[in-house]
Each structure stands twice: as structure tokens, then as C-alpha cells.
Amino acid sequence: MAGMRAVAERAGVSLSTVSAVLGNGSDKYVSEEIKQKVLQAAEELEYVPPVKAEARTKTIAVILPIITSPFFSNVLSGVEGFVFREKKMMLYYNTNYEFEREKECLQMLKRQRPQGSILSSVCPKEQEEAYHRWIRKHFIDRGIFVVIIEKRVEAEGFYSVFVDQFQAQKEAVAHLISLGHRRIAYLYGNQKLLLSQERFEGYKSALEEAGLPFHKSLVRFGDFSPASGYLAMRELLDFGEEFTAVASANDQMAIGAVKALRQTGKSVPEDVAVIGFDNLSVSTLIDPALSTIHVPTYQMGRQAAQIIGNLMQGISCMPQNILETSLIVRKSSNPSASNEWEMFGW
């Protein structure tokens, strides 16, 4: 592994300059041009600054797609619950669903050397194998534990905490079918993510199992935001598609869909039944309250952090950790169901 001297030679600067930029915090005396030369040389040589073991054991890094989503804020709360109890520190990075930004966050973490990293990755499926090799080389092989949340990862050295996206979405659609619905629209989530594909396959599987045809014209694409759900539903309605129910890949798009339906004079669930996915607290505050799939988001964050804590103590952990989901039936799909506000968890 390259040291500071090698970085100095590559950058064409003195050892003290490299130390100022990478080591002792006095880089304010170094020009921006020289600083960038040093950082580039360090990156090319894959230099990792020595960090005291004591500092590494106190920090957990969390990289999530978007903190403004109630889903991920609940996950972060779960991590924080563990971090506070164990008197550790937490670093948080937001990727905005951008894979290039996610990689930049990890590049910065290479210098921080945290105890472990919790990552909800937006890596495209076709790049996962190479990406996992890179993470293993720069983190796992250097003693930094990595826990991936939201999807199952079987790559060597990784740990994951996830739910069965396929089966959960299948259960949601089966619920609509059990109520007599035969033409069920679907709001697809962020197309970059594997979990979106898994949920979509669950939707199709439920139709197939019930002997119902799959209609491509009843599928619209969003990005998990309420606005995208609203626009997707308006498109379905504007094109005159016939359907009596809609399953959404998450609650936020479902809420947008409910708004579009009501704006166009449709009654929920009498004209169109709606079901979401995640069970966000806000989903009980709309009218009608939203049927959904409960995902234990707080538990997901807490367990991911606990895995890192256990591994640091030499306690072995299961590489793959699946959490249970459950169907929550409210008035948006069943007019006789509860419409009560949920006052806890937000």
C-alpha cells in the first residue's frame, strides 16, 4: 500500500505538503492547485491515510438515496437509535438517487475509515459485480464492515438487511384481486433500482396466479415521488384506460395517484381501489387512509447498525437478514376498513 512519500513523488511536492493536505489538517496554507495535485496522486495510488483504531471504532457511515423521504428518515432513525445507545458517531451522505454521487461518497469515506458503512445502493444491476469487487477491495478487505439494506446481497464479505420485495408486492395485488378487481393498473418505481423490478414481477405474478391477463397499457412509470404518482395516474386517466384498482410501488406515488383520482371526480375506493407499499405514517393522514404493505424501516436501520456493532465485537452474524412484511388494509381498498389516523412513528 502506497504511503505519503509515494504520493509526494507522484504529485511532485514535498512530504510536508502531502502531510498538510492528507494528514495534519493544515492544508489552508496550501494552494488549491497543489491540493488538487496531491489529492489526485493519492487517488491514483489508492492511498489510505492511517487513522487511529480508536477513531474507527466510533463511527458508522450511512449512505441513503434521499433523506427527505419518510422511508429513509425512518431507516436513519433506526441507525441513530443504535449509535446513540452505543455512544458512537454517525456520518450521513445523501446520493439523490445518483450512482455517480454514491461512488463519490464512498471515495470520501475511504479517507474517513469508519467502523462500518450502511448503504442503500442505486447501482445499476449490470454494474453490481464490478462495484461489489471495488467495495470489497477498498472497505471490506481493510476491515470496514459493509451492510447493504433493501436488497439481498450474496457477494462474499457483505451483509444485507432486506424484505422480500417480490412476495410483498404479490400479496398487495392478491388483496385487490380478492376484492373482485380484474383490471389492476400498476405504478412502477424508479427504473434504475432492482427492487422496483422485483416489485413489478410480484405484480405480474399475482395476476398470472389468478389467471388474469397482463396489460402493458395499465403500467406507468414514476420515480417514487408523490408528483410522479400523480402524473402517472393522470396519464392513465387521460388515455382512457379502464381499470378498477391500482397497485403502487410505494406509498408516496399512491398518495399522488389518490390526488389525481379525486381531482378527476373518481371516488376511492368505490371507483378505483388503491394500495401502496411501505406503510409510511403519512399514509393514514390522507382521506381515505391508504392500504399498504408494512415495511419495518426503523428495524431495518437498527439491525444494520447492530450487525456492525456485533462484528466489531467479534460476534458472528448472518450474511443475509430478511425482515417480515405485512399487509395493512385500510379504506383506500376496502370501504369497510379503518380510516383512523396513526399517531405514532412520525
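Peer 1: What am I meant to see in the overall build of the protein chain here?
Peer 2: When helices and strands are tallied, the protein chain shows 12 helices and 12 strands. Considered along the principal axes of its C-alpha atoms, the protein chain spans approximately 75 × 40 × 35 Å. Intrachain contacts of the protein chain at a sequence separation of at least 6 include 72% that bridge at least 24 residues. For the protein chain, the accessible surface area stands at approximately 16200 Å², while carbon and sulfur atoms represent 51% of it. Separation between the mean location of the 38 positive side-chain charges and that of the 40 negative ones in the protein chain comes to 5 Å.

Peer 1: Explain the sheet that holds strand 6 (residues 184-188) here, please?
Peer 2: Neighbouring strands of a sheet are bound in pairs by backbone hydrogen bonds; such pairs are parallel or else antiparallel. With parallel pairing, 4 strands are arranged side by side in an open sheet as 7-6-8-9. If you trace the sheet from one side to the other, it starts and ends with strand 7 (219-221) and strand 9 (273-275), each paired once. On average, adjacent strands in this sheet sit at an angle of 15° to one another, irrespective of strand direction. The pairing of strand 8 (residues 245-248) with strand 9 spans 3 bridges and is parallel. Opposite Val246, over in strand 9, you have Val274 as the bridge partner. Along the sheet, helix 11 (residues 251-263) contacts strand 6, strand 8 and strand 9; its crossing angle with strand 9, the most-contacted strand, is approximately 160°.

Peer 1: Before we go on, may I ask you to explain the nonpolar core in this structure?
Peer 2: Burial of nonpolar side chains together is a common tendency in soluble globular proteins. The biggest cluster of nonpolar side chains holds 90 residues, and the ones touching the most others in it are Ile118, Met233 and Val274. If we ignore the near neighbours within four places in the chain, the residues touching Ile118 are Ile60, Ala61, Val62, Ile63, Val79, Val147, Ile149, Gly301, Ala304, Ala305 and Ile308. Formed by 13 residues, the second largest nonpolar core is a distinct cluster that contains Val7, Ala8, Ala20 and Val21.

Peer 1: Can you walk me through the side chain of Thr17 in this structure?
Peer 2: With respect to the element layout, Thr17 can be found in helix 2 (residues 15-22). On the basis of relative accessible area, Thr17 is assigned to the buried category, the value being 19%. Separated by 2.9 Å, the side chains of Thr17 and Ser14 make a polar contact. Once residues within four sequence positions are removed from consideration, Thr17 is found in contact with Val30, Ile34 and Val38.

Peer 1: For this particular structure, what's the right way to read the sheet that holds strand 3 (residues 116-119)?
Peer 2: In spatial order, the strands read 2-1-3-4-5-11; together these 6 strands make up an open sheet with parallel pairing. One side of each edge strand has no neighbouring strand; the edge strands of this open sheet are strand 2 (89-94) and strand 11 (320-322). Each strand axis lies, on average, 15° off the axis of its neighbour in the sheet, ignoring direction. Across the sheet, helix 6 (residues 99-112) touches strand 1 (59-64), strand 2 and strand 3, and the angle it forms with strand 2 is around 155°. Together, strand 1, strand 3, strand 4 (145-149), strand 5 (159-162) and strand 11 form the strand contacts of helix 12 (residues 297-312), whose direction differs from that of strand 4 by roughly 160°.

Analysis parameters
- Residue positions within a chain follow its written sequence, with the count starting from 1.
- Totals for whole chains, interfaces and linings use all residues, but because this is a predicted model, local features are given only for residues with pLDDT of at least 70 and pairs of side-chain atoms are given and counted only at 80 or more.
- The basis for every side-chain value is the complete set of heavy atoms in the structure, and neither hydrogens nor water enter the calculation.
- The helix and strand labels rest on DSSP assignments: H or I over at least four residues marks a helix, E over at least two residues marks a strand, and numbering proceeds from the N terminus.
- Contact between two residues is taken to exist if any of their heavy atoms lie within 4.5 Å; hydrogens are not considered.
- In this description, accessible areas are obtained by the Shrake-Rupley approach with a 1.4 Å probe, and a residue is regarded as covered only by the protein chains that are shown.
- In this count, Lys and Arg are taken as positive residues and Asp and Glu as negative ones, while His and the chain termini are left out.
- To locate a charge, take atom NZ for lysine, CZ for arginine, CG for aspartate or CD for glutamate.
- A pair of strands is treated as paired once DSSP finds two or more bridges between them.
- Only the stretch in contact is used when fitting a helix axis, every axis being a line fitted to C-alpha atoms; angles between N-to-C directions are given from 0 to 180 degrees.
- Here, the term nonpolar core denotes a set of buried Ala, Val, Leu, Ile, Met, Phe, Trp, Tyr and Cys residues that are joined through side-chain atoms within 4.5 Å.
- Exposure classes here rest on a 1.4 Å probe applied to the protein chains alone. A residue is buried below 20% of its type maximum, exposed above 50%, and partly exposed in between.
- In protein, a polar contact means a hydrogen-donor-capable atom and an acceptor-capable atom, both N or O and within 3.5 Å, with residues adjacent in sequence counting only if both atoms are side-chain atoms; elsewhere, any N or O pair within 3.5 Å suffices.

The analysis is restricted to geometry; functional conclusions fall outside its scope.
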